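So you can see what is in the structure, the chains are spelled out below.
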Amino acid sequence: MSAAYDAEAARQRAIPWPAAGGALDLRALARLGTLAPSSHNTQPWLFRIGDEMIQVAPDLTRRCPVVDPDDAHLFKSLGCAAETIVQAAAAAGHATAMRIEPGGSITLSFRAAEGLDGTLAAAIPQRQCTRRCFDGRPIAPGQRKALAAAGTGEGVRVALVEDAAVRGAIGDLVAAGNRAQLGDPAFRAELFAWVRCTAGEAIATGDGLSSFAAGQPALPRWLVRLLLPVVLTASAQVARDSEHLATTPMLAAFVAVSDDIPAWIEIGRCYQRLALRATLAGIRHAHINQPIEVRDLRPHLHAALGLGPGEQALLLLRLGYGAAAPFSLRRPLDAMLRPV
Ligand SMILES: Cc1cc2nc3c(=O)[nH]c(=O)nc-3n(C[C@H](O)[C@H](O)[C@H](O)COP(=O)(O)O)c2cc1C
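What you see is a predicted model, and the numbers here were worked out from it, not measured in a lab. (Residues numbered from 1 in each chain as written. Predicted model: local features only at pLDDT ≥ 70, side-chain atom pairs only at ≥ 80, totals over all residues. Heavy atoms only, no water.)

A.B. asks: Talk me through the site of the ligand; I want residue IDs and the actual numbers.
C.D. replies: Residues in contact with the ligand amount to 20 residues; listed here are only the nearest, Arg127, Cys129, Arg131, Ser328 and Arg330. Here an oxygen atom of the ligand sits 2.8 Å away from a polar atom, N or O, in the side chain of arginine 131. Separating an oxygen atom of the ligand from a side-chain N or O atom of serine 328 is a distance of 2.9 Å. In terms of residue count, the dominant contributor to the shell around the ligand is helix 3 (residues 72-91) (three residues). Partitioned by chemical class, the residues of the shell around the ligand number five nonpolar, 10 polar and five charged. A domain-level breakdown of the shell around the ligand finds at least three residues from each of domain 1 (3-127) and domain 2 (156-320). (Near = heavy atom within 4 Å. Polar contact = N/O pair within 3.5 Å; in protein donor to acceptor, adjacent residues only side chain to side chain. Helix = DSSP H or I, 4+ residues; strand = E, 2+ residues; numbered from the N terminus. Nonpolar A, V, L, I, M, F, W, Y, C, P; charged D, E, K, R; others polar. Domains from an automatic or database assignment.)

Pasting the structure below:
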């Protein structure tokens, strides 16, 4: 634990709530957008704030070419940030119109409206990816419908999997994915570049995968580098993931009918809505994308999920109940702001 880390995480989440009824505080909306999840916590977004509009643009300097060669995760992350802003605007009494520009920037325009449902927004500062064991309890029966509705969008549906045999087959694919990824020096190097080994490193960069959030001990970077061949191994990760999956009652696969920028953005939006809905219900989630990131495994994942022709699973989560983990950190909004 680090008091400085926890204080920084709490400070970043204490964002003045955009009040309903008045003018929209677009800076507050964009700051809430920065709390969205992103692959490796790269926060691959830039914001332009204009007249009653926010543009969320891709920051291609934050690509992860090894794990995400086609930038699919990057655009899903962008969709997560955009959806976060949509939900916060709804809570502040504003409807959002969304346009995807060539190149994948997302333009959000706001107008005051009545009768919007802003319920999900309350979960924005509390949502997190919880890379821990859950407590094994099944998801409450009444939640299935709400999660499915939140995770459905245009050309995207969410497959919620509780069947033990299917979960077991997917667990085998996660293990195979870990072996492929952690046997690749380029994957290991890219991952390590985004790992923040100490509270000081995490606070200084405001991004990346902090050892605190992942439940790992904080050690100096030189020591972690030395220990990597022992601690960052396929067998250790396979063991960790199989422990995590043994305590996981439900998996969620986001299934799309195309594999391009608009589909990736829509998946990000659906994922963030499901994550916020789950958070409100006390349900935690974490990612197990190995069978998607390792392309050769995709047909096996599709078979395990029983997908139809043309359907593909492009994001995979585990869902369950359990304790909260320390929050991950974010960069300041000013570092992501660009002139209109
Ligand atoms: C598109 C996308 C892909 C992700 N893939 C993984 C993954 O494969 N493994 C993982 O542990 N976390 C994954 N994450 C979760 C991020 O690491 C997490 O969102 C980030 O570290 C910020 O933490 P937070 O979500 O708790 O705020 C992914 C997130 C997104 C949006």
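A.B. asks: Residues and numbers for the environment of glycine 79, please.
C.D. replies: With respect to the helices, strands and loops of the structure, glycine 79 is situated in helix 3. The buried category is assigned to glycine 79, whose relative accessible area is 0%. Excluding anything up to four places from it in sequence, glycine 79 contacts Ile106, Ile265, Gly268 and Arg269. (Buried < 20%, exposed > 50% of the residue type's maximum accessible area, 1.4 Å probe, protein only. Contact = heavy atoms within 4.5 Å.)

A.B. asks: Residue-level account of the sheet that holds strand 9 (residues 284-287), with values.
C.D. replies: In spatial order, the strands read 5-8-10-9; together these four strands make up an open sheet with antiparallel pairing. Each having just a single partner strand, strand 5 (156-161) and strand 9 make up the two edges of the open sheet. Neighbour to neighbour, the strand axes of the sheet diverge by 30 degrees on average, direction disregarded. Bridge count for strand 5 against strand 8 (residues 250-256) is six bridges, and the pairing is antiparallel. Bridging from a neighbouring strand, valine 158 pairs with phenylalanine 254 of strand 8. (Pairing = 2+ DSSP bridges. Axes fitted to C-alpha atoms, helices over the stretch in contact; angles between N-to-C directions.)

A.B. asks: If you had to explain the pairing of strand 4 (residues 106-112) to someone new, which residues and values would you point to?
C.D. replies: Here strand 2 (residues 53-58) runs beside strand 4; their pairing, made up of four bridges, is antiparallel. Residue isoleucine 54 lies in a different strand from strand 4, and its bridge partner there is leucine 108. Relative to strand 4, strand 3 (residues 94-100) runs antiparallel, the two sharing seven bridges. The residue bridging alanine 95 from the neighbouring strand is arginine 111, located in strand 4. The antiparallel hairpin formed by strand 3 and strand 4 contains five residues in its connecting segment, where glycine 103 sits at a positive phi of about 95 degrees.

A.B. asks: Could you give an account of unusual backbone geometry, with specific residues and numbers?
C.D. replies: Here asparagine 41, not a glycine, exhibits a phi torsion of approximately 50 degrees, which is positive. Within the secondary structure layout, asparagine 41 lies in the loop between helix 2 (26-34) and strand 1 (45-50). Judged by its relative accessible area of 5%, asparagine 41 falls in the buried class.

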